[in-house]
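Structure at a glance
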Amino acid sequence: MSAPATDAPPPSLFLASASPTRRRLLEQAGLIFSAEAAPIDEEEARLALEGEGADGPALAEALAELKAVAIARRHPGAFVIGADQILDCEGRRYDKPRDQAAARTQLMALRGRTHQLICAVVVVRDGQRLWHHIDRAKLTMRPFSPAFLDDYLARAMPGILSSVGAYQLEALGAQLFSRIEGDYFTILGLPLLPLLDFLRPHGLVPA
C-alpha cells in the first residue's frame, strides 16, 4: 500500500534586506524565511528615480520592488519581500546617516519638527510583482537639549546608523518624540499586518 499523500510544502520565502529590524519582525511573527541583501546600488537608484520626478511613495515603492526583483532572480518560484522607507520633513528627504556627525546634524534638523515616514513593501515571484502596500506615519520630535543629544548619541551609536532618521523607536529613540501617529510596524520599516494578510492564503503564514 502506498503512503498517504501529504500536503505539499509551502513555497520558499525570502526577505530582500540586510535590515536586522525587518528580519527580527518577521522572525518574531513566526515566519520561516531566508534573508539576503539585494545587490543594487540604492543611492544610485534613488538619485535616478528622483531625477525622474518620483515623489516619496513612488520612490519607496520602486526601491522596494528593485530589491525584491534582484533577489527573485536568484530563487525561481520563491516569494520575495522587498521594503523601503523614505523620511520626508517639509519636502526634504533624509537617508541613513553615514556616521555620528551626520546623525547629529540630521537629528538637529528634525528637532522640534514633524516629519513623515513613508514605507513600501512589495512581494515578487519569478520577476513579477504580486502585491504591494504603502503606509505613512507622522512623528513629532520634541525640542530636546544639546546635552540630551550628546548623551543619546553616546548610548545609541552605532545602531542608529542603520535607521532612516538616526533613531530606533523600539529603543532609546522613543525619548526623542513628543507625538507619534501611525502604525508601529510601519515606523520600524515594514507594514507587517498587511503583509501577513497577503502571505497567509499562500501558505506562508498559519491560517
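Here we take up the pairing of strand β5 (residues 114–125). With nine of 12 residues buried, β5 lies mostly within the body of the structure. With 10 bridges joining them, strand β3 (residues 79–89) and β5 adopt antiparallel strand pairing. Counted as the bridge partner of D88 is Q116 from β5. In terms of strand pairing, β5 meets strand β6 (residues 128–141) through 12 bridges, oriented antiparallel. In the sheet register, C119 faces β6, and the bridge partner there is D135. Hairpin connection, β5 to β6: the antiparallel pair is bridged by two residues, and D126 has positive phi, about 50°.

Bringing the side chain of T21 into the picture now. In this structure, T21 sits in helix α1 (residues 20–28). For T21, the residues in contact, after removing those within four places along its chain, are E170 and L188.

Definitions and cut-offs
Residues numbered from 1 in each chain as written. Predicted model: local features only at pLDDT ≥ 70, side-chain atom pairs only at ≥ 80, totals over all residues. Heavy atoms only, no water. Buried < 20%, exposed > 50% of the residue type's maximum accessible area, 1.4 Å probe, protein only. Helix = DSSP H or I, 4+ residues; strand = E, 2+ residues; numbered from the N terminus. Pairing = 2+ DSSP bridges. Contact = heavy atoms within 4.5 Å.

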